[in-house]
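# Chains, contacts and geometry: an overview
Next come the chains, spelled out residue by residue.
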Amino acid sequence: MESIYSEWNPALSGSIDGNQVHYILMKPASGNCNMDCRYCFYRDEAEKRRVASFGMMSGETLENTIRKLLHQGKGKYTIAFQGGEPTLRGIEFFRKAIGLAEEYNVNGSEVSFALQTNGYLIDEEWCRLFRENHFLIGVSVDGVKATHDRFRVGQDGSGTYDRVRKSVDLMKEYGVEYNVLTVVNRATAENIREIYKEYRRNGWDYQQYITCLDPLGTEPGSLSYSLTPEAYGRFLIDLFGQWYKNWRQGKAPYIRQFENYVGILLGVSPESCEQRGICSVQCVIEADGSVYPCDFYALDQYRLGNINSDRLTDLVSSLIGADFVKGSLRVSSRCRKCPYAALCRDGCRRSRIREKDEDGYYNYFCEGYRMFFDACESASAADTPGEDHANQDHIRRIEKRIWSEDIQAVPILRLQLSEPGRHDRNRRLHVLFGGGFRRLCSAFSADRRADPPCQGTCRPENSGVHSRGETPLYCLFSVLHEYVRRPGASAGSVHGNNKAPGNRGTLDRNPPGLSSGRNHPDAHRAFIDKTRMGRAWAADDS
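If you walk across this open sheet you meet the 10 strands as β9-β8-β7-β6-β5-β4-β3-β10-β11-β12, and the pairing is mixed. Each of the sheet's edge strands pairs with one partner strand only, and the pair in question is β9 (254–255) and β12 (305–306). By the bridge criterion, 2 bridges tie strand β10 (residues 284–285) to strand β11 (residues 290–292) in an arrangement that is antiparallel. Within the sheet, the bridge partner assigned to V284 lies in β11 and is Y292. Its contacts with the sheet place helix α2 (residues 59–70) against β3 (23–26), β4 (76–81), β5 (110–117) and β10, and it is angled at close to 170° to β3. Contacts between helix α9 (residues 229–248) and the sheet are confined to β7 (177–184), β8 (206–211) and β9, with β8 contributing the most and set at about 170° to the helix.

Okay, here's the thing in structure tokens:
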């Protein structure tokens, strides 16, 4: 299997497939916003550029962007909008974008739209536009009223929760597809149990949580909203505990980070960029047409060119972009040796710190991740099926079902390519929760060309005999792992930005559910389709 720290090549760049770009993230209002969130990372970036705000995007830049994207040839494309607050550009701008997409879609491509918003300006007219044109919307909500209003305030310093909540309710009333994006800061981390319960009461079944960023050049953890590694670890443990309880009841919401961990353990490349272990060129287009590889790095030194004057493929394949991606592979020796490396992958680059005495980086939240994985390891070790374990028969039934079917037809590993039912999702989760994380990480890290660890001795016809002490569940994982590496089994996956809404996640830093980068032609649409599997679970339950 290719190392997660392998050398960079264009095919690994999430928003492109070979020389074709499938995803763009536009900032129609640059970094301008009608709120004054205390922790806003993009305001901090803008203040560190020669030009802080590029104003409002012109119709010419909008047209050039859409024309160049769709004239690449037939494919599946996602056009995402983010800010600042993109709705400040006005609703007519977005109507024009929809019209241009229709005009330049001469190849009959599948085009989808996504938008990340603070929800402040959303009214019935916006909701009709979103619903009629199938926008996927990401809404930024930081928990309950007390935690949200602490840092997400208006220009006058007043809280914004009530207004945002009305916008979410309005979108629900109009049938708009939306996700909730929550920034994990000090306040939300400390109150995640209450927040999770509130989200469940609200029926917010698509959730995304992203770590709060301290300003560039600031000592991590030094500000009132700063998130510490210990607080993040406790947050993950508490959130996972609440989510897992619901999962056992068949009622768990979609939480992007946990779902990606399941996919990683099954050998499927995660769509969330912070969980991939390598950055990608995500085509972030500022209001003046300037293009950057990531909205966490919309800085002068990372500017790739301008969409108005440069070819799209030249922008994403530039030397600056290549160096940006290669820079994300400078991982410290401690990370490479960590037993959780295959799961953690050193997290988001913006949260990395240079290691002393070496040219490598480790993640600031390293200890938080370790706390979480250790807790999962301890819990799963206690649950590992043994000869007398209550789950033994259940696991064997799962194994027999897998072996009795045409392995190529088993859909559970096509995570971004199908809409599996709840029973398929449960099988994936059994792999994650029924056995130890370390054991699964070891299996994941093994060479895929090798034979399954059990050498096939765990097949039902061999009476469940296991070589080298593997449990039935571990052998089940080997079967799934074997399936992943078969020709055509892993047809690619969607790779996205943490803040985007493409996968039913939201995008405070990327559109809601739209992740910024993908590395498969069907990426973005497939990503969105995958997130709709919640409907399939509900149908299964009925």
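Attention now moves to the nonpolar core. With 106 residues, the main nonpolar core has M26, I66, F81, F130, I137, V141 and F235 as its most contacted residues. Once residues lying within four places of it in the same chain are set aside, the contact partners of I66 are M26, I79, A97, L100 and A101. With 8 residues, the next largest nonpolar core counts F151, V183, C212 and Y225 among its residues.

Bringing the packing of helix α4 (residues 124–132) against helix α6 (residues 161–174) into the picture now. Running from amino to carboxyl end, α4 crosses α6 at an angle of 45°, the nearest separation of the two axes being 10 Å. Considered as vectors, α4 and α6 are oriented oblique to each other. Crossing of α4 against α6: the hand is right-handed. Seen from α4, the contacting residues are E124, C127, R128 and R131; seen from α6, they are L170, M171 and Y174. Classifying every residue of the contact of α4 with α6 by side-chain character gives 4 nonpolar, no polar and 3 charged.

So, about the packing of α9 against helix α10 (residues 256–265). Viewed as axis vectors pointing N to C, α9 and α10 meet at an angle of 80°, and their least axial separation amounts to 11 Å. Regarding the angle of α9 to α10, the classification is roughly perpendicular. Residues Y232, L236, L239, F240 and W243 of α9 form the contact with α10, whose participating residues are Q257, F258 and E259.

A complete count under the given rule lists 23 salt bridges for this structure. Between R165 and E198 there is a salt bridge, with its nearest N and O atoms 3.7 Å apart. On the criterion of sequence distance, the pair formed by R165 in helix α6 and E198 in helix α8 (residues 192–202) is long-range, its members being 33 residues apart. Using a relative accessible area of 22% as the deciding quantity, one classes R165 as partly exposed. Owing to a relative accessible area of 15%, E198 belongs among the buried residues under this scheme. A salt bridge links D205 to R200; the shortest N-O distance between them is 2.8 Å. When its relative accessible area of 24% is taken as the criterion, R200 is described as partly exposed.

Mapped onto the fold, R152 is located in the loop between α5 (145–151) and α6. For R152, the side chain forms a polar contact with the side chain of Y39, separated by 2.9 Å.

Below, the discussion takes up the pairing of strand β6 (residues 136–140). β6 sits mainly inside the fold: 5 of its 5 residues count as buried. Neither face of β6 is open: one carries L136, G138 and S140, the other I137 and V139, and all of them are buried. Inspection of the sheet shows β5 paired to β6 by 4 bridges, in the parallel sense. The residue bridging T117 from the neighbouring strand is V139, located in β6. Running through α4, the crossover from β5 to the neighbouring parallel element β6 is right-handed. Relative to β7, β6 runs parallel, the two sharing 5 bridges.

Now for the environment of Q116. Position of Q116 among the secondary structure elements: in strand β5. Taking the C-alpha atoms as reference points, Q116 and E85, separated by 31 residues in sequence, lie 7.9 Å from one another. Of the polar contacts made by the side chain of Q116, one reaches the side chain of S140; its length is 2.9 Å.

What follows concerns the confidence of the model for the protein. Mean pLDDT over the protein stands at 75; residues scoring 70 or higher make up 66%. For the stretch residues 1–14, pLDDT sits under 50, and the model shows 43 contacts to residues farther than four places along the chain or on other chains. In the predicted structure, residues 383–495 sits below a pLDDT of 50 and forms 238 contacts with residues beyond four places in sequence or in another chain.

With an omega of 5°, the peptide bond running from G83 to G84 counts as cis. Among the structural elements, G84 can be located in the loop between β4 and α3 (91–104). Notably, R345 is not glycine yet its phi reads approximately 60°, a positive angle. R345 gets classed as buried once you look at its relative accessible area, which sits at 5%. Residues other than glycine seldom take positive phi values, yet D346 does so here, at roughly 70°. Its location among the elements puts D346 in the loop between α14 (341–344) and β13 (352–354).

Of all the positions in α4, only W126, C127, L129 and F130 are classed as buried. Projected onto a plane normal to the axis of α4, the buried residues spread over an arc of 160° and lie on a single side. Looking at the packing, one finds that the buried side of α4 touches α3, β5, β6 and α6. Count one or two residues on from α4 and you reach H134, which has phi positive near 55°.

What counts and what doesn't
- Residues numbered from 1 in each chain as written.
- Predicted model: local features only at pLDDT ≥ 70, side-chain atom pairs only at ≥ 80, totals over all residues.
- Heavy atoms only, no water.
- Pairing = 2+ DSSP bridges.
- Helix = DSSP H or I, 4+ residues; strand = E, 2+ residues; numbered from the N terminus.
- Contact = heavy atoms within 4.5 Å.
- Axes fitted to C-alpha atoms, helices over the stretch in contact; angles between N-to-C directions.
- Core = buried A, V, L, I, M, F, W, Y, C linked by side-chain atoms within 4.5 Å.
- Buried < 20%, exposed > 50% of the residue type's maximum accessible area, 1.4 Å probe, protein only.
- Parallel < 35°, antiparallel > 145°, perpendicular 65-115°, else oblique.
- Left-handed = near helix turned anticlockwise from the far one by under 90°.
- Nonpolar A, V, L, I, M, F, W, Y, C, P; charged D, E, K, R; others polar.
- Salt bridge = Lys/Arg side-chain N within 4 Å of Asp/Glu carboxyl O.
- Polar contact = N/O pair within 3.5 Å; in protein donor to acceptor, adjacent residues only side chain to side chain.
- Right-handed = clockwise from strand over helix to strand, strands pointing away.
- pLDDT = per-residue confidence, 0-100.
- Arc of directions from axis to C-beta.

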